Amino acid sequence: MRIIIAAASLALAAPAFADTIEEVTGKGIVLNIQGMEIDVKYTPDGKFTAMDGQVTGDWRREGDKLCTKSNFDPAEQCVEYPKDKKSGDSFDVTGPQGTATVTIK
């Protein structure tokens, strides 16, 4: 019993860390590529839309990577995301198409 209480106390005392991919897929992002801002929305069923619905596709998680394929680019692209980012944070990601800045909504 003491071990369970100690473990529960430790869990409550540990700081909460944001899961970047959960934040991204739960809240959506604004992707900035060469000065062009693209609003991207994700749904829990593994779908996403961008550019007012002109780009649609599928997403899945693979560890710290977000993998997508779309009607614009049917080959799956997996990009590693940094840890512990939350709503309002901006950061750069680099994938096969180059570097882009992501801002979590």
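The preceding data block contains the structure.
Residues numbered from 1 in each chain as written. Predicted model: local features only at pLDDT ≥ 70, side-chain atom pairs only at ≥ 80, totals over all residues. Heavy atoms only, no water.

Draft legend 1. Representation of the overall build of the chain within the structure. Counting secondary structure elements, the chain contains two helices and eight strands. Written out in order from the N terminus, the α and β elements of the chain read α-α-β-β-β-β-β-β-β-β. Long-range pairs, those at least 24 residues apart, make up 32% of the contacts in the chain between residues at least 6 apart in sequence. Taken as a whole, the chain presents about 7100 Å² of accessible surface, with 56% of it coming from carbon and sulfur. (Helix = DSSP H or I, 4+ residues; strand = E, 2+ residues; numbered from the N terminus. Contact = heavy atoms within 4.5 Å. Areas by Shrake-Rupley, 256 points an atom, 1.4 Å probe, with all protein chains shown as cover.)

Draft legend 2. Region of the structure containing the pairing of strand β4 (residues 55-62). Relative to β4, strand β3 (residues 47-50) is paired through four bridges, and the arrangement is antiparallel. From the neighbouring strand, lysine 47 faces β4, where its bridge partner is aspartate 58. If you look at the hairpin formed by β3 and β4, you'll find four residues sitting between the two strands, and methionine 51 has a positive phi there, around 55°. Relative to strand β5 (residues 65-70), β4 runs antiparallel, the two sharing six bridges. Looking across to β5, one finds that aspartate 58 is bridged to lysine 69. Here β4 folds back onto β5 in antiparallel fashion, the turn holding two residues, of which glycine 63 has a positive phi close to 65°. (Pairing = 2+ DSSP bridges.)

Draft legend 3. Structural context of the sheet that holds strand β8 (residues 98-104). Read across the open sheet, the eight strands follow the order β6-β5-β4-β3-β2-β1-β8-β7; overall the sheet is antiparallel. The strands lining the two open edges of the sheet, one partner per strand, are β6 (77-80) and β7 (90-95). When the angles between neighbouring strand axes are averaged without regard to direction, this sheet yields 30°. (Axes fitted to C-alpha atoms, helices over the stretch in contact; angles between N-to-C directions.)

Draft legend 4. Molecular detail of the environment of aspartate 19. Checked against the element boundaries, aspartate 19 lands in the loop between α1 (2-13) and α2 (20-27). Judged by its relative accessible area of 25%, aspartate 19 falls in the partly exposed class. Sequence separation between aspartate 19 and proline 82 is 63 residues, and the spatial gap between their C-alpha atoms is 9.2 Å. Look past the residues within four positions of aspartate 19 in its chain and what remains in contact with it is Arg61 and Lys85. For aspartate 19, the side chain forms a polar contact with the main-chain nitrogen of isoleucine 21, separated by 3.2 Å. (Buried < 20%, exposed > 50% of the residue type's maximum accessible area, 1.4 Å probe, protein only. Polar contact = N/O pair within 3.5 Å; in protein donor to acceptor, adjacent residues only side chain to side chain.)

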